[in-house]
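# A structural walkthrough
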Amino acid sequence: MADIHELSAILADQIAAGEVIERPASVVKELVENAIDANASKIDVLVEEAGIKTITVIDDGDGIEAGQVTRAFLRHATSKITDRNDLFRVHSLGFRGEALPSIASVADVILKSATAGAEQGKLVHYRGGSLLEESGTDARKGTSITVKDLFFNTPARLKYLKSQQTELAQIVDIINRLALSYPEIAFRLVHNDKAVTSSVGNGNIQQVLAAIYGVQQARKMLAIQAEDADFKVTGYVSLPELTRASRNYISVLINGRYIKNYQLTKALIKGYGSKLMVGRFPMAVLAIEMDPLLVDVNVHPQKQEVRLSKETQLMDLIETAVKERLQTENLIPNAYDNY
Ligand code: ADP
Ligand code: MG
């Protein structure tokens, strides 16, 4: 056996990248979540060839101080948490400090950023984990990142990508869910110079639903609300007549984070009782607020899986809220006509 030695930082980043960055949509998710954490009010996402050629994310958020920009590309470097206690009370979407170093290790990345009032912005250019250029740039407040040649140095990853159509669909899905989660942010997704999704950012979820799924569909979504000692649930669920062939149109957010949780989705569907046809699923957006101590988001590098304390209690709350809302709807057939 060879001697035990530490891996180079670049190699370690590439290994970590494998867990965080699976496909173009993962890059989009991480970059847009960073923009959200930076308090952006407007986020533009421009992609070419389903993100395989380029992904650009432009935000008008807080920006990064010029002196800290290269630090953002260090592994496990973050401005979002400091100590153990913060880890159990994560309020931001990011906290692992892995996205930027991971992306920079498997692609060509140019980041420009400036904070409010700065005289100059800062530009850095990384490729395959190496810093190629560092310079001053314009002082527009916010951050823009362009990612090119994704997986150019990890051919196995590149080969594993699906058709452009499939990769693009995943990007659209991420942007739609984030737009629904943050109706107060104006999102725009452009693919090969054509607008795909846009939301105005005025805080109205129903308008985002209309922008994404169409006005007719949005009219068939009912507002729901429920609360108990530990959880607050708000959102929209479709009338039983508006269904889809998969669960993919159900978005569940916990404290603003879009998560995948089979149990909570199941509870929502159960609320429909026998009103759904076999193999059909409702459309829904559920935003759940809870004490961050009740949820562990540090389960997986992509931060989409969570562990919940009191999961059964939350499932009951969701099921009952949906059931009762649909019952009321039957009593007042035209309640949604005033939208
Ligand atoms: P994390 O989001 O987990 O902190 P990242 O690698 O995604 O890790 O980002 C590292 C750091 O770079 C962030 O903590 C943040 O300080 C800074 N950063 C990244 N993207 C942006 C952005 N769009 N606007 C402002 N700061 C950013
Ligand atoms: Mg991040």
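No experiment lies behind these values; they were computed from the predicted model shown. (Residues numbered from 1 in each chain as written. Chains lettered and ligands numbered in written order. Predicted model: local features only at pLDDT ≥ 70, side-chain atom pairs only at ≥ 80, totals over all residues.)

### Quick notes on the pairing of strand S6 (residues 142-148)
Looking down a regular strand, the side chains alternate between one sheet face and the other. Judged by how many residues are buried, S6 sits mostly within the fold: 5 of 7 residues are covered. Of the strand pairs in this sheet, strand S2 (residues 54-59) and S6 are connected by 6 bridges, and their pairing is antiparallel. Considered in S6, the bridge of Val-57 is made with Ile-145. With 7 bridges connecting them, strand S3 (residues 108-114) and S6 associate as antiparallel partners. Looking at S6, one finds that Ala-114 is bridged to Gly-142. (Buried ≥ 20, exposed ≤ 12 C-beta atoms within 10 Å, placed from the backbone. Helix = DSSP H or I, 4+ residues; strand = E, 2+ residues; numbered from the N terminus. Pairing = 2+ DSSP bridges.)

### Overview of the sheet that holds strand S13 (residues 257-259)
On the basis of which strands lie adjacent, the open sheet formed by 5 strands has the order S9-S10-S15-S12-S13 and mixed pairing. Because the sheet does not close on itself, it has two edges, and the strands there are strand S9 (221-227) and S13. Strand-to-strand twist of the sheet, defined as the mean angle between neighbouring strand axes without regard to direction, takes the value 20°. In this sheet, strand S15 (residues 284-290) lies alongside strand S10 (residues 231-238) in antiparallel orientation, the contact comprising 7 bridges. Across the sheet, Val-237 pairs through a bridge with Ala-284, a residue of S15. Across the face of the sheet, helix H9 (residues 262-270) comes into contact with strand S12 (250-254) and S15 while running at roughly 125° to S12. (Axes fitted to C-alpha atoms, helices over the stretch in contact; angles between N-to-C directions. Contact = placed C-beta atoms within 7 Å.)

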